[in-house]
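What follows is the residue order along each chain.
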Amino acid sequence: MEETTSTGPSLLDRVMAVAGKLSQNKTVLAIQYGAMGTMPLTLGTALIAILYNLPVPALQEFWTSTGIGVHMNEVISVTMSMTAIYMSTLIGYNSAQLRGKSGVTGAVLSLGAFLALMPHLIPVELADAEGNAVTSVAGLPTGYLGSDGVFAGMVLALVIVGIYVWLDNKGLVITLPDGVPPMVAQSLAPSISAIIIFTIVLIVRVAFGFTAWGNYFDFINGVIGAPIMSLGASPASALLVMVLAASCWFFGIHPNTVIMMYYPVLMTAAAANSAAFLAGEPLPFLLLTATFSYYAFGGTGNTLGLALIMPFTAKSERYKALGKLAIGPGLFNINEPLIFGLPIMLNPIYFIPLVGTAFVNGLMGILFYHLGVFNTLNPTVSLPWVTPAFVTPFFTIGILGVLAAIVVIVIDGLIYFPFYRRADQHAYEEEQAAATAATAETSA
């Protein structure tokens, strides 16, 4: 009688199932799409930021003397330095759309709630025409539109759209006759929901006005955001995220599953650094930026160093051919040919270098921070993720940054080399054995 054995799902199956569900979670996707949606702002003004901050005295004098520099700085300020309001609006749009509702309505409600909950007075120390002290003026404090509003804006957009979707599902919509133009009908349909939502917003605004925080944003930043940033913006947390992302990639789980959970911290830090840079102040999250700078050289797992040495050192035809195919994409931070073709995924030989380079690169970022490499960092310069790893530092840091990046790439290659060498030798022996067998068969 044949014995059958029934086993439950493995730990890997459970991990991949949870990661798969997380990656398809509508809240996670809304944040991810909303953050990605701001890229035209950062990439669109990258050239302006580069030209405005180039350390060329003659060019800087030209920007100042002509007054062009003032306008360049303001363009940068209202794009890169006001990420929170754009991201909140886009998260509202995507959150509603992913739930089968009007994305435009979700975006408008999120934007309106964001502005309604902001303080509308800016503290100043002035005197009026009669010499009386003026302590505030009407306006929107730009800090809440940027670094001080990123986390609060994300939470707000998700909550507002959640209420809108719930009310809409309850049937609280205005239905107009078929003869009414569709755009008019769609615009008026959520009116009841909007009335309820902004009544709630008013109550929340008034309630926070009676607290020590004064407003919703300071409450979120102080009670929720500050502890998260204190913990999440530490070098140790950045290292942990980098290692977890690389580990996920080993198991075939896209690293964005981890990175997107950490994205609010990265975006808040980036906005704060940009605002401080434009104000001529020290960057508050420079160490975090330095730690995370070498996260994915050639893609998650830092395979650029490996891709650069494979075509020239491989003994097996398989590794030579794959190296030639991988070097081009690797230069532009695309490493799927190596992850799935080598393969690195689920290949025990490569687990240590894949995860090890993530940890070592984080340590290299910390080391270079203490050596002063990042002292000239310009956080307003944002280039596409496909920009080669040794090109981006030229525009953000300078020549010293390029040299540091090259050092990191070399170290990554050295970490991978003994493991790659072993796998290549094994592949070479397999090829030789196959060739010998084929020769013997032909001779026979």
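The numbering scheme is per chain: residues are counted from 1 as the chain's sequence reads. The predicted origin of the model limits local features to residues at a pLDDT of at least 70 and limits the giving and counting of side-chain atom pairs to 80 or more, whereas totals for whole chains, interfaces and linings rest on all residues. Hydrogen atoms and water are omitted, and side-chain values are computed over all heavy atoms in the structure.

### So, the packing of helix α14 (residues 235-250) against helix α20 (residues 348-370)
For every element, the axis is a line fit to its C-alpha atoms; helices are fit only across the contacting stretch, and the angle between N-to-C directions ranges from 0 to 180 degrees. Put simply, DSSP marks the helices as runs of H or I at least four residues long and the strands as runs of E at least two long, and each gets a number from the N terminus on. Contact geometry of α14 with α20 gives a least axis separation of 9 Å together with a crossing angle of 155 degrees. Comparing the axis directions of α14 and α20 gives the class roughly antiparallel. Judged by the sense of rotation from one axis to the other, the crossing of α14 with α20 is right-handed. Where α14 abuts α20, its residues Pro-235, Leu-239, Met-242, Val-243, Ala-246, Ser-247, Trp-249 and Phe-250 lie against Pro-348, Phe-351, Leu-354, Val-355, Ala-358, Phe-359, Asn-361, Gly-362, Leu-363 and Ile-366. Under the grouping applied here, Gly and all other residues not named as nonpolar or charged are polar, the nonpolar ones being Ala, Val, Leu, Ile, Met, Phe, Trp, Tyr, Cys and Pro and the charged ones Asp, Glu, Lys and Arg. Taken together, the residues of the contact of α14 with α20 sort by class into 15 nonpolar, 3 polar and no charged. Angle categories: roughly parallel below 35 degrees, roughly antiparallel above 145, roughly perpendicular from 65 to 115, and oblique for all the rest. Rotating anticlockwise by less than a right angle from the far helix to the near helix defines a left-handed crossing, while the corresponding clockwise rotation defines a right-handed one. Residue contacts follow a heavy-atom distance rule, with two residues in contact if any of their heavy atoms lie within 4.5 Å.

### Notes on the side chain of Thr-268
Take Thr-268: it is sitting in helix α15 (residues 256-278). Type-normalised accessible area, obtained with a 1.4 Å probe on protein chains alone, sets the label of each residue: buried when under 20%, exposed when over 50%, and partly exposed for intermediate values. Residue Thr-268 is classed as buried on the basis of its relative accessible area, which comes to 9%. If near-sequence neighbours (up to four positions away) are discounted, Thr-268 is found in contact with Ser-147, Val-150, Phe-151 and Met-229.

### Things to note about the packing of aromatic side chains
Stacked, edge-to-face and tilted labels apply to pairs of Phe, Tyr and Trp rings (six-membered ring for Trp) whose centres lie within 6.5 Å, assigned for plane angles under 30 degrees, over 60, and everything in between, in that order. Following the criterion strictly, the structure yields 16 aromatic pairs and no others. Between Tyr-294 and Phe-374 the ring centres are 6.2 Å apart and the planes differ by 55 degrees, which places this aromatic pair in the tilted class. Of the two residues, Tyr-294 sits in the loop between α16 (286-292) and α17 (304-313) while Phe-374 sits in the loop between α20 and α21 (392-396), which places them 80 residues apart along the sequence. On the basis of relative accessible area, Tyr-294 is assigned to the buried category, the value being 3%. Relative accessible area serves as the criterion here: at 2%, Phe-374 is assigned to the buried category. An aromatic cluster is present here, built from Phe-114, Tyr-144, Phe-208, Trp-213, Tyr-216, Phe-217 and Phe-219 joined pairwise through their rings.

### A short note on helix α13 (residues 216-232)
Values of bend correspond, residue by residue, to the angle between axes fitted over the seven residues ending at that residue and the seven starting there. The largest bend in α13 amounts to roughly 50 degrees and is located at Gly-225, with the proline Pro-227 lying one to four residues further along. Every buried residue of α13 is listed here: Tyr-216, Phe-217, Ile-220, Gly-225, Met-229 and Gly-232. The opening residue of α13 is Asn-215, an N-cap whose side-chain oxygen sits 3.0 Å from the backbone nitrogen of Phe-217. Under this definition, polar contacts are N or O atom pairs within 3.5 Å; protein pairs additionally need one hydrogen-donor-capable and one acceptor-capable atom, and for neighbouring residues in sequence, both atoms have to be side-chain atoms.

### Details of the environment of Val-381
By the element assignment, Val-381 lies in the loop between α20 and α21. For Val-381 and Leu-47, which are 334 residues apart along the polypeptide, the C-alpha to C-alpha distance reads 7.7 Å. Setting aside anything within four residues of it in sequence, one finds Val-381 in contact with Ala-49, Ile-50, Phe-395 and Thr-396.

### Quick notes on a nonpolar patch on the surface
On the surface, a cluster of nonpolar side chains totalling about 840 Å² of accessible area is made up of Phe-390, Phe-394, Phe-395, Ile-399, Leu-400, Leu-403, Ile-406, Val-410 and Leu-414. For the nonpolar patch, the secondary structure elements donating two or more residues are α21 and α22 (399-443). With 6 residues, α22 is the largest single contributor of residues to the nonpolar patch. Within the element layout of this structure, Val-410 appears in helix α22. Patch membership requires over 30% relative accessible area and the absence of a salt bridge. Like charges are linked within 9 Å, and nonpolar side chains (Val, Leu, Ile, Met, Phe, Trp, Tyr) within 5 Å. Accessible surface is estimated by sampling points in the Shrake-Rupley manner with a 1.4 Å probe; for residues, cover comes only from the protein chains shown. Within this document, salt bridges are pairs made up of a side-chain nitrogen of Lys or Arg and a carboxyl oxygen of Asp or Glu, the two lying within 4 Å of each other.

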